[in-house]
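# Results of the structural survey
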Amino acid sequence: MLNLNRRRFLVSVAAVPGVLLLSRKAYAEHYQAMLCDDCGFGSKKDNCAKCGKWMGSTRYPARLCGDHGFGSKKENCCRCGKWIGSARIPAHIGDCCGFGSKKDNCVICGKWAP
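This write-up is about the structure you can find in this document. (Residues numbered from 1 in each chain as written. Predicted model: local features only at pLDDT ≥ 70, side-chain atom pairs only at ≥ 80, totals over all residues. Heavy atoms only, no water.)

Let's shift gears to the pattern of salt bridges. Using the criterion set out here, one finds 5 salt bridges in the structure. Of the charged contacts, one joins lysine 82 and aspartate 38 as a salt bridge, the two residues approaching to 2.3 Å between their closest N and O atoms. In this pair, lysine 82 is assigned in the loop between helix H2 (66-69) and strand S5 (89-90) and aspartate 38 in the loop between strand S2 (34-35) and strand S3 (59-61), connecting sequence segments 44 residues apart. For lysine 82, a relative accessible area of 41% corresponds to the partly exposed category. Salt-bridge contacts for aspartate 46 lead to arginine 59; the nearest nitrogen and oxygen are separated by 3.1 Å. Here aspartate 46 is found in the loop between S2 and S3, whereas its partner arginine 59 is found in strand S3, with 13 residues between them in sequence. (Salt bridge = Lys/Arg side-chain N within 4 Å of Asp/Glu carboxyl O. Helix = DSSP H or I, 4+ residues; strand = E, 2+ residues; numbered from the N terminus. Buried < 20%, exposed > 50% of the residue type's maximum accessible area, 1.4 Å probe, protein only.)

Any functional reading would require information that these geometric values do not contain.
And the structure:
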């Protein structure tokens, strides 16, 4: 009798040509953080979306994780939480909050947003 466990089954399925081509890839997504009219008007859009300091020339696009960017939550301002409406001003973070791997984190909660 053949002793078939999960590992041997997966190895045998992978050996069949074309089977792995039918599998779908999983993608991790991030969402672009936006500012409302009040937070993005004038020179306020040159401030960091996370801490509010002036960014200067070093700016990274602000990201939202799946918890804060999914559905209608991505239509809220990342700084104050109000609805952005037709003002689609992209938010940025400065070098103070985005240096290294911190630029890949959510602006609101700080979780990883791939």
